[in-house]
Amino acid sequence: MNINVITVDPSDDEKFPAWYDTFTAGLAAGRPDPPLYSYEESRVELRRPTPYAEHRAFLASHPDGPIGAARVSLPAHDNPRLLTFTIAVRPEFRGRGAGSALYRRLREIAEAERRTSLLTEIDLPLTGNATPGTGFASRHGFTRRNTETRRVLRLPLHEGAGAERAAVPGYTITGWVGPCPEEFAGQYAALRGRLMTEAPTGDLDYEQERWGVDRLRDEEARFAEQGRTSCVTVAIAPDGRLAGHTVIVASRESGWASQWDTLVLPTHRGRRIGLALKVANLRALRAACPHVSRVDTCNAEDNRPMIAINERLGFRPVERCEGWQLDLGVPAL
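Everything numeric in this text was worked out from a predicted model, so none of it was measured. (Residues numbered from 1 in each chain as written. Predicted model: local features only at pLDDT ≥ 70, side-chain atom pairs only at ≥ 80, totals over all residues. Heavy atoms only, no water.)

## Overview of the pairing of strand E6 (residues 143-154)
With nine of twelve residues buried, E6 lies mostly within the body of the structure. As judged from the nine bridges shared by E6 and strand E12 (residues 316-327), these two strands associate in the antiparallel manner. Bridged to Val-152 within E12 is Arg-316. Looking at chain direction, E6 and strand E11 (residues 294-300) are connected through seven bridges and run antiparallel. (Buried < 20%, exposed > 50% of the residue type's maximum accessible area, 1.4 Å probe, protein only. Helix = DSSP H or I, 4+ residues; strand = E, 2+ residues; numbered from the N terminus. Pairing = 2+ DSSP bridges.)

Structural data, given as structure tokens:
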């Protein structure tokens, strides 16, 4: 099959809709109600300049039209060796070379940008280990480095879910919707940067992200452009320092939200602060975004404390999400 791969400009009113339709069709095929980015969320992320990562979009077409699409991210502030990507092929065209053509293009990018590690996520059913995605990754030398389970909570939160832990003696549970108040910005940014070192990530080769207030404000500005609402709840320890946080990001264009970070610092664990944070934040989400009917979250299989909290709140497993990684040789000078 004659397949042509092109770079897609998110400002192109002809090519970008074709990319988005193809990408989401490939990602959604055979999955239970997947949490896909809206058109505007995708367009803003791809076109908006930021010092922290570069994002690119690619479309694979044959003479009859688009059949596959890819999204590539190049971290710029940390993880400079890494290239992350997602390849999606329309189900009726799988096995005809679109995925391989897109993969060849991203390998060219990796060499040009001197990236020595490739990382992708593959979604698959709760049972069974073989899918077209895992077979493709295996054939190209990737290995499974981490396994998480995606769970979904249907809102509203059922009565009594964790209500007795909505407060923690000695700690103040508070939060905000939208931009972080200046009084918490430095501490909150530091907490955001600790997630990859504190949360289980299996055998992924992924460096700790470096966060400061500038990066936090950049993310908040992007959310505003994408039509997203962020709900954050924090725990303030007796000494006035932040002991933990949780954040949910909701799309204003759909009825779903995504549970992002939840982190309690090691010296404050064992007090059920994580449960208190999540209960308070889900209530804040319900008040700020009444259109949201479900929340998605992913947890590594060995993160038993967080899984227990989520299941207590009513999150139910729907699929697995696996991290597959390939280590490349050092590129030639």
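Once the structure has been displayed, the description carries forward.
## Considering helix H6 (residues 213-226)
In this model H6 runs 20 Å from its N-terminal to its C-terminal C-alpha over 14 residues, within 8% of the 20 Å that 1.5 Å per residue would give. Of all the residues in H6, the buried ones are Arg-215, Leu-216, Asp-218, Glu-219, Glu-220, Arg-222, Phe-223 and Gln-226. Taken from the residues just after H6, Gly-227 is the one with a positive phi, measuring 75°. (Expected span 1.5 Å × (residues − 1).)

## Describing helix H2 (residues 39-47)
The element H2 is extensively covered by neighbouring structure, given that seven of its nine residues are classed as buried. The complete set of buried residues in H2 reads Glu-40, Glu-41, Ser-42, Arg-43, Val-44, Glu-45 and Leu-46. At its buried positions, H2 is contacted by helix H1 (15-28), strand E2 (53-62), strand E3 (65-75), H6, strand E8 (228-236) and strand E9 (242-251). (Contact = heavy atoms within 4.5 Å.)

## Side note on the sheet that holds strand E7 (residues 172-177)
Read from one edge of the open sheet, twelve strands run E1-E2-E3-E4-E5-E12-E6-E11-E10-E9-E8-E7, paired in mixed fashion. Each edge of the open sheet carries a strand with a single partner, namely strand E1 (4-8) and E7. Neighbouring strand axes in the sheet, compared pairwise and without regard to direction, differ in orientation by 25° on average. Sheet strands in contact with H1 are E1, E2, E3 and strand E4 (82-89), and its direction is about 90° off that of E3. Here helix H3 (residues 98-112) sits on the sheet in contact with E1, E2, E3, E4, strand E5 (117-124) and E12, set at roughly 165° to E4. (Axes fitted to C-alpha atoms, helices over the stretch in contact; angles between N-to-C directions.)

## Remarks on the pattern of salt bridges
Counted under the stated rule, the structure contains 26 salt bridges. Across the pair Arg-48 and Asp-218 runs a salt bridge whose closest N-O atoms are separated by 3.2 Å. Highlighted residues: Arg-48 in the loop between H2 and E2 and Asp-218 in helix H6, separated in sequence by 170 residues. For the pair Arg-48 and Asp-218, a shared accessibility class is recorded, and that class is buried. A salt bridge links Asp-205 to Arg-81, with the nearest nitrogen and oxygen atoms 2.9 Å apart. (Salt bridge = Lys/Arg side-chain N within 4 Å of Asp/Glu carboxyl O.)

## Some thoughts on the packing of aromatic side chains
A complete count under the given rule lists eleven aromatic pairs for this structure. For the pair Trp-19 and Phe-23, a centre-to-centre distance of 4.7 Å together with 15° between the ring planes defines the contact as stacked. Within this pair, Trp-19 and its partner Phe-23 are both found in helix H1, separated by four residues, close to a single helical turn. Comparing Trp-19 with Phe-23 shows no difference in burial state: the two are buried. (Phe/Tyr/Trp six-rings, centres within 6.5 Å; stacked < 30°, edge-to-face > 60°.)

## Here we look at the pairing of E8
Remark: a regular strand shows side chains that alternate across the two faces of the sheet. Judged by how many residues are buried, E8 sits mostly within the fold: nine of nine residues are covered. Side chains Arg-228, Ser-230, Val-232, Val-234 and Ile-236 project from E8 onto one buried face, and the interleaved Thr-229, Cys-231, Thr-233 and Ala-235 project onto a second face that is buried too. Bridging between E7 and E8 involves six bridges; their strand directions are antiparallel. Residue Gly-175 lies in a different strand from E8, and its bridge partner there is Thr-233. In this sheet, E9 lies alongside E8 in antiparallel orientation, the contact comprising nine bridges. Looking at E9, one finds that Thr-233 is bridged to Thr-246. A loop of five residues connects E8 with E9, the two strands running antiparallel in sequence, and Gly-240 in this loop sits at a positive phi of about 90°.

## Describing unusual backbone geometry
Note on backbone geometry: most residues besides glycine have negative phi, and most peptide bonds are trans. Between Leu-155 and Pro-156 the backbone carries a cis peptide bond, its omega angle lying at 5°. Here Pro-156 lies in the loop between E6 and E7. Even without being glycine, Asp-33 reaches a positive phi, approximately 50°. Mapping Asp-33 onto the fold places it in the loop between H1 and H2. A positive phi angle, close to 55°, is found at Arg-114, a residue other than glycine.

In short, geometric facts, not functional conclusions.
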